[in-house]
Every structure is written in structure tokens, then in C-alpha cells.
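Structural features, examined
If you want the building blocks of each chain, they are given just below.
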Amino acid sequence: MTSNMPNQHRALQLQSIEAGFQLVSLPTPAAEPGSAVVRIEAASVLSYHREVYNGTRQYSFPTPLVGGISAIGRIAALGHDAIALKEGQLVYVDCVIRSRDDADILFLSAIHDSGAEGSKLLMRDVWRDGTFAEYAKFPLENCIPLNEDRLCGTLGYSIPNLMYMGHLIVPFGGLRDINLEPGETIVVNPATGNYGGAGVLVALAMGARVIAAGRNADKLAALKSHILASSPTAQIETMTWSSNEAADTATLQAFGTIDAVLDLTPPQASKTLHLRSATSALRRNGRVSLMGFVEQPVVPWSFVGKNIAVKGKLMYEREDIVQFIKMLENGLFPRGETLVETKHFRLLDWDTAFTAAAQWTGIGKQVVFTPQVVN
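Summary of the structure given here. On a predicted model such as this, the values are computed, not experimentally measured, just so you know.

Cut-off values and rules
Residues numbered from 1 in each chain as written. Predicted model: local features only at pLDDT ≥ 70, side-chain atom pairs only at ≥ 80, totals over all residues. Heavy atoms only, no water. Pairing = 2+ DSSP bridges. Helix = DSSP H or I, 4+ residues; strand = E, 2+ residues; numbered from the N terminus. Axes fitted to C-alpha atoms, helices over the stretch in contact; angles between N-to-C directions. Contact = heavy atoms within 4.5 Å. Buried < 20%, exposed > 50% of the residue type's maximum accessible area, 1.4 Å probe, protein only. Arc of directions from axis to C-beta. Polar contact = N/O pair within 3.5 Å; in protein donor to acceptor, adjacent residues only side chain to side chain. Parallel < 35°, antiparallel > 145°, perpendicular 65-115°, else oblique. Left-handed = near helix turned anticlockwise from the far one by under 90°. Nonpolar A, V, L, I, M, F, W, Y, C, P; charged D, E, K, R; others polar. Phe/Tyr/Trp six-rings, centres within 6.5 Å; stacked < 30°, edge-to-face > 60°. Lys NZ or Arg CZ within 6 Å of the ring centre and 35° of its normal. Right-handed = clockwise from strand over helix to strand, strands pointing away.

1. Looking at the sheet that holds strand S13 (residues 236–240)
- With parallel pairing, the six strands of this open sheet are ordered in space as S13-S12-S11-S14-S15-S16. Sheet topology places S13 and strand S16 (309–312) at the edges, where each strand pairs with a single neighbour. Between one strand axis and the next, the sheet turns by 20 degrees as a mean value, whatever way the strands run.
- Pairing between strand S11 (residues 185–189) and strand S12 (residues 209–214): four bridges, direction parallel. Opposite Val188, over in S12, you have Ala212 as the bridge partner.
- Each of S12 and S13 touches helix H7 (residues 217–230); the most contacted strand, S13, lies at about 175 degrees to it.

Right, here's the structure in full:
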């Protein structure tokens, strides 16, 4: 442990589903080979974090557990095998933890152990605790350097606002997986949630024309207005789903050639037929990225007859994060405070933060913990 790290640190720990969270003092983790200890500056709070930790979603994870997901922080200590990372460096802390000797084993830090024996072991015994803490230990490869001078200086992002990366990187993983090209047209569905709205922003940054689809016309109009306020020339259209599958397909076809679909359907909408309409509207050799929960994703003859490629994608790869950061650092997204409106909370105010996260949703909105803020 380096001299500037305290022996104890504050963390938001879930003793059990029944007992809920407590703000506790825990021994500060020590850096070991293959790991880094990060001083957390901003940790993302998901819209459904309360549902994860009160048992509503029935996710599997060990307890006691320090909660969390992805974060941004500074390297506080490094294992002896670290080469590129340096103490004090600003890094993005990725929540997707992967086995180093089995590509099929991965889990989401402090969220879900993925059910496989290997990932359950890794979460339980090696990488249990998350980022709702002043300090967190993560694998070296999960700490991706950020150009602080460029991002926080030239481009004007605050560290909490940079945490919006956690939303943007997820759809970027799906869009990159289907090789979205500049000039193509893509349907993003549903576009009014946190990840859907982020998907619209990312697809536009990649040079695509976007048809933002959803069930709420008012929210879609607000999304389009938000985009055009910072990017007046953005190629964005909106489409409101009806209850008529054929009519929705025809509405999409009226927009012209559609090359791809990004679907982020949440669990509560898994039985909807919207994706069937979107798939039917695709051109020959079109592509679909499935990142959500749909029980009837495509019309069989539609994708067979037109050579439609359908790919499932869980989150992203590390290479996607690196590429995304290049886009961000090169100014391809709205700058400074126009990127996102962030609500900040102390760890002590976790209950209020979870409520705010469930309500403060959609494009350009996020909630974060700032663990270093005490008063």
C-alpha cells in the first residue's frame, strides 16, 4: 500500500438482500500482481440499481458485497507487474470482468455473477467488491487511461460528466459489432431510455442517420430536440410504434433504405413485436444487434429471404472501450456540460440516489456517486 492511502476507507456495503446497504469502514484494498487500486472520483448509478440490490431482479451475487458498476478514478496503487499505468493517472474503470484463461467466463462487477461456476468463483473469491467506495481494486486491464488534459481541459468535461461514458460504451459495443458505417441508416429501439438514448448519440457520432423509435411520441420529440440543440445538422428521425406490426413495418420502409437495427428492449417489454417490424423493414443483407430482452426477435422468412445477419452482444469488448475513448478525445461528441446533466450524490445518500436514478432517465441524464465528497 502506498503512503498516501488510508488504512481504512468508506464503502457502501450490502450485508444481505434483507438487511440492505450500510455505509461502513473497510480495510483499504492492497494492490497485488495483476491489479490496481483506484481512488474513485465518480461511480455510475443505474436506473435499476435498487431493483438489483433489493432482490426484485433476482440477480445472483455473493454477500456481503460493496455495490457498484463502472467508474472513473485515479490510480492509487499498482501491482508490481504494471507497466503502462502510473499512480495518479485518471482511468475509466470497466465493470466487465473477464477470466484471463477462459474467454467464456465474464461477469458484471457487483451486479451479477453470470451463473457459471467460473464466474461465480471469480466474483466470490477474487473480484467481489464494486465501485461504491472511496477505493476499489480492479484488474489492470479494466483500468483504461484517459487523457485528462484533453478531456477535462480542452473539451471541458468534468470528471462526473465523463462518467456518461458508462452509458455510451454499451451501445457502441453493439454498433461496432455489426460494423455500422458512416452514411448508413439505423433504427434504435427503444430510443427513450438511458441506453437507447445513448445509442442514438453514439450512432450519430459514428456518422449514421438514425431513426429513433419508441412508444412515447413526447419523449421522442424531446430526444430529437435535445440532439438538435447541440448538433443542428444531425440526421435524426423519430418513429412512434403502434400496435400494428404490418403498419409499423410500412412506416419504417417509408423512411427509405434501412441498413441496421440496434435493439435494447428492456425485460418488461420482452413480449413486444416492435423488433419484428424493424427487422422486416431492413434491406437485403441488413444487420441486427440484439442487446436487450426480446422473446420474438425476428420474422423467420424475413431474415432468411433477405440474408439478414442477427448478432447478440453482451456489453462490449475492451477494444471497443479504447476505440470509443479515441472518439471522445477527438471531439466527436457534444462538449463540456452539453453532453449530459449529472445529478451527484454522496455515498451516505444512497437511498435518495437510487430513487433519483430511477426517475432521471433518458438521453443526456445520469446519476453518479462522488465517494470522495463527505459533507
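Having seen it, we continue.
2. What about the sheet that holds strand S2 (residues 21–27)?
- Here we have three strands laid out as an open sheet, ordered S2-S1-S4, and antiparallel in their pairing. Of all the strands in the sheet, the pair left with one neighbour each is S2 and strand S4 (65–66).
- Where strand S1 (residues 8–14) and S4 come together, two bridges link them in antiparallel fashion. Along S4, the bridge assignment pairs Gln13 with Val66.

3. Some thoughts on helix H8 (residues 245–253)
- Of all the residues in H8, the buried ones are Asp248, Thr249 and Leu252. Projection of H8 onto a plane perpendicular to its axis shows the buried side chains occupying an angular sector of 100 degrees, all on one side.
- Of the surrounding secondary structure, the elements contacted by the buried residues of H8 are S11, S12, S13 and helix H9 (274–280).
- With a side-chain oxygen lying 3.1 Å from the backbone nitrogen of Ala246, the N-terminal cap of H8 falls on Asn244.

4. Quick look at the environment of Ser70
- With respect to the helices and strands, Ser70 occurs in the loop between S4 and strand S5 (71–78).
- Between the C-alpha atom of Ser70 and that of Thr192, which follows or precedes it by 122 residues, the distance is 22 Å.
- Within the local environment of Ser70, its side chain forms a polar contact with the backbone nitrogen of Cys95, the two atoms lying 3.1 Å apart.

5. Remarks on the packing of helix H5 (residues 165–177) against helix H11 (residues 318–329)
- Axis separation between H5 and H11 bottoms out at 10 Å; the angle between their running directions is 115 degrees. By the angle between their axes, H5 is roughly perpendicular relative to H11. Remark: the crossing between H5 and H11 carries right-handed chirality. Contact residues: H5 offers Met165, Leu168, Ile169, Phe172, Gly173 and Arg176, while H11 offers Glu319, Asp320, Ile321, Gln323, Phe324, Ile325, Met327 and Leu328.
- The residue inventory of the contact of H5 with H11, partitioned by class, reads nine nonpolar, two polar and three charged.

6. A word on the packing of aromatic side chains
- The tally for this structure, following the rule as stated, stands at eleven aromatic pairs.
- Geometrically, the ring pair formed by Phe132 and Phe354 is tilted, given 6.4 Å between the ring centres and 45 degrees between the ring planes. Taken together, the residues Phe132 in the loop between helix H2 (117–125) and strand S9 (135–139) and Phe354 in helix H12 (residues 350–359) connect sequence positions 222 residues apart. Just as Phe132 is buried, Phe354 falls in that class too.
- Look at Phe324 and Phe333: their rings are 5.3 Å apart centre to centre, the planes differ by 50 degrees, and that puts the pair in the tilted class. Just as Phe324 is buried, Phe333 falls in that class too.
- One aromatic cluster is present, formed by Phe21, Tyr53, Phe61, Phe132, Trp350, Phe354 and Phe369 through successive ring pairs.
- Sitting above the plane of the Tyr48 ring, Arg57 keeps its charged end 4.0 Å from the centroid.

7. Focus on the pairing of strand S15 (residues 287–290)
- Side-chain alternation along S15 places Arg287 and Ser289 on one buried face and Val288 and Leu290 on a second face that is also buried.
- Here strand S14 (residues 260–263) runs beside S15; their pairing, made up of four bridges, is parallel. Following the sheet pairing, Val261 is matched in S15 by Val288.
- Taken together, S14, H9 and S15 form a β-α-β motif whose crossover is right-handed.
- With four bridges connecting them, S15 and S16 associate as parallel partners. Counterpart to Val288 in the pairing with S16 is Val310.

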